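Structure assessment
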Amino acid sequence: MKQKENIIVVGSANTDIVIGVERFPKPGETLAGHGFLTNRGGKGANQAMAAARLGGSVAFVGKVGNDDYGRQTIEALNDEGIDTRYMLTTDETHSGVAVITIDGHGENSIIVDGGANMQLSAADIEAAEEVFRDAAIVLLQLETPVDALTAAARLAHRHGAYVVLNPAPAPKSPLPEALLSHVDLLIPNQTEAELFCGYAVDSMDTAAKAISDLREKGIRQTIITMGGHGAVVGIEAEHVAAYPTTVVDTTAAGDTFCGALCSALVRGSSLKEAADFACRAASVTVSRMGAQQAMPRLEEIEAMSL
């Protein structure tokens, strides 16, 4: 990785509408909820926020609607020092929205209407080429059109950046070789890894096998996140343990992991060291309600290692 510090996140920005329930409702059932909140979200914005709070110099490339949710999203990112000059606003549709329910065990169920996120185009990305020139890492997810992500990955490699893809939400069809050929690091969870490999990734052994099989398919490096079991990292399939915590809300745990990992990599950490830092950060996020508001700051994670 070249000696630059900038992280470019290309992806989605949503407003999360969150409510807690004791258990998820059955079809046709109405339950009493509690703990309503409105939170900034979207995988792209979440990962940008995590990276910025954890010491990264971050720019965000995405699209929001010309509405209150869009304006509030840009303001929230600006407040964290994230460069939003390359965020676009459209009058053609609304900003992205996610409706999230969280059960008594901290598990979540999410419905997303992508809105303006789904209008981000390859042409939009190419028009933002300037921001890619100083990028050390370009971080991508799958809540925006694949054509835009492919254009971003190509631009990243053109300018010597390291491309990280978090293939979430799990893709419903195979990702194109035009995108995967530019990916330096893939970060799937167990479900996403199973879609790539065709078998359950439910143990450290199967995670190691998945990483090996993905390398044979041309994926250079992989980290598989294993929820409460931590992560399996890189060609050597090294295990990084999760940090013990009381789980309140798993929303944005994976996004925190990805943003934290990139912030550690640009500071010169090895892949395993960065994964350990990311596991620590994710353990804090899941101990709190919400997405971006639950994400820790660098001083909190540094204090954990004392």
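Residues numbered from 1 in each chain as written. Predicted model: local features only at pLDDT ≥ 70, side-chain atom pairs only at ≥ 80, totals over all residues. Heavy atoms only, no water.

Side note on the overall build of the protein
Across its full length, the protein carries 11 helices and 13 strands. Taking 306 residues into account, the globule formula puts the C-alpha radius of gyration at 19 Å, and the protein, at 18 Å, falls close to it. A buried classification covers 56% of the 306 residues belonging to the protein. Of the contacts made within the protein by residues no fewer than 6 positions apart, 68% connect residues no fewer than 24 positions apart. If you sum the accessible surface of the protein, you get close to 13000 Å²; carbon and sulfur atoms cover 50% of it. In the protein, which carries 23 positive and 39 negative side-chain charges, the distance between the mean positions of the two groups comes to 3 Å. (Helix = DSSP H or I, 4+ residues; strand = E, 2+ residues; numbered from the N terminus. Rg over C-alpha atoms; globule rule 2.2 N^0.38 Å. Buried < 20%, exposed > 50% of the residue type's maximum accessible area, 1.4 Å probe, protein only. Contact = heavy atoms within 4.5 Å. Areas by Shrake-Rupley, 256 points an atom, 1.4 Å probe, with all protein chains shown as cover. Lys, Arg positive; Asp, Glu negative; His and termini not counted. Charge placed at Lys NZ, Arg CZ, Asp CG, Glu CD.)

A look at unusual backbone geometry
Between Ala-168 and Pro-169 the backbone carries a cis peptide bond, its omega angle lying at -5 degrees. For Pro-169, the position within the fold is in the loop between strand E9 (162-165) and helix H6 (177-180). Backbone geometry at Ala-237 places phi at a positive 50 degrees, although glycine is not the residue there. One can find Ala-237 in the loop between strand E12 (231-233) and strand E13 (238-240).

Focus: the pairing of strand E2 (residues 14-20)
Burial analysis of E2 places 5 of its 7 residues in the buried class, the great majority of the element. Note that E2 and strand E3 (residues 34-41) share 6 bridges and pair antiparallel. Residue pairing across strands places Gly-20 opposite His-34, the latter belonging to E3. Pairing between E2 and strand E6 (residues 96-102): 7 bridges, direction parallel. Within E6, the position partnered with Ile-17 by the bridge is Val-99. (Pairing = 2+ DSSP bridges.)

Structural notes on the environment of Val-61
Secondary-structure assignment places Val-61 in strand E4 (residues 57-65). Val-61 sits in the buried class, given a relative accessible area of 1%. Between the C-alpha atoms of Val-61 and Val-131, which are 70 residues apart in sequence, the distance is 9.0 Å. Beyond its immediate sequence surroundings of up to four residues, Val-61 is in contact with Ile-8, Val-9, Val-10, Gly-11, Tyr-86, Leu-120, Ile-125 and Val-131.

Details of the nonpolar core
In this structure, Phe-60, Ile-223, Phe-257 and Leu-261 are the most contacted members of the largest nonpolar core, which totals 49 residues. Excluding residues that lie within four positions of it along the chain, Phe-257 makes contacts with Ile-187, Ile-223, Thr-225, Ala-231, Ala-275, Ala-278 and Cys-279. (Core = buried A, V, L, I, M, F, W, Y, C linked by side-chain atoms within 4.5 Å.)

Focus: the packing of aromatic side chains
The way to describe two aromatic rings as a pair is by their centre distance and the angle between their planes. Taken as a whole and assessed by the stated rule, the structure comprises 0 aromatic pairs. Lying across the ring of Phe-277, Arg-267 places its NZ or CZ 5.0 Å from the centre. (Phe/Tyr/Trp six-rings, centres within 6.5 Å; stacked < 30°, edge-to-face > 60°. Lys NZ or Arg CZ within 6 Å of the ring centre and 35° of its normal.)

Things to note about the sheet that holds strand E5 (residues 87-90)
With mixed pairing, the 9 strands of this open sheet are ordered in space as E5-E4-E1-E8-E9-E10-E11-E12-E13. Both edges of this open sheet fall to E5 and E13, since each of them pairs with a single strand only. Bridge analysis of strand E11 (residues 221-225) against E12 gives 3 bridges, and the strand direction is antiparallel. In the strand pairing of E12, Thr-225 is matched with Ala-231. Most of the contacts of helix H9 (residues 253-266) go to strand E8 (residues 135-140), to which it runs at about 170 degrees, and overall it touches strand E1 (6-10), E8, E9, strand E10 (185-186), E11 and E12. (Axes fitted to C-alpha atoms, helices over the stretch in contact; angles between N-to-C directions.)

Quick notes on the sheet that holds strand E7 (residues 108-113)
If you trace the 4 strands from one edge of the open sheet to the other, you get E3-E2-E6-E7, paired in mixed fashion. In this open sheet, the two edge strands, each paired with only one partner strand, are E3 and E7. Strand-to-strand, the axes of this sheet are offset by a mean angle of 15 degrees, without reference to chain direction. Relative to E7, E6 runs antiparallel, the two sharing 6 bridges. Looking at E7, one finds that Val-99 is bridged to Ile-111.

Section: the side chain of Lys-63
With respect to the secondary-structure elements, Lys-63 resides in strand E4. A residue is classified by how much of its surface remains accessible, and Lys-63, at 11% relative accessible area, is buried. Of the polar contacts made by the side chain of Lys-63, one reaches the backbone oxygen of Gln-119; its length is 3.3 Å. Only 3.0 Å separates the side chain of Lys-63 from the side chain of Asp-124, close enough to count as a polar contact. (Polar contact = N/O pair within 3.5 Å; in protein donor to acceptor, adjacent residues only side chain to side chain.)

Overview of the pattern of salt bridges
Once their charged atoms are close, side chains differing in charge can pair, the charge on each being opposite to the other. Tallying each qualifying case throughout the model produces 13 salt bridges. A salt bridge links Glu-80 to Arg-53; the nearest nitrogen and oxygen atoms lie 3.0 Å apart. One end of the pair, Glu-80, is in the loop between helix H2 (68-79) and E5; the other, Arg-53, is in helix H1 (residues 43-53), with 27 residues separating them in the sequence. With relative accessibility at 19%, the residue Glu-80 sits in the buried group. Each of Arg-53, Glu-80 and Arg-297 takes part in one network of salt bridges that share partners. (Salt bridge = Lys/Arg side-chain N within 4 Å of Asp/Glu carboxyl O.)

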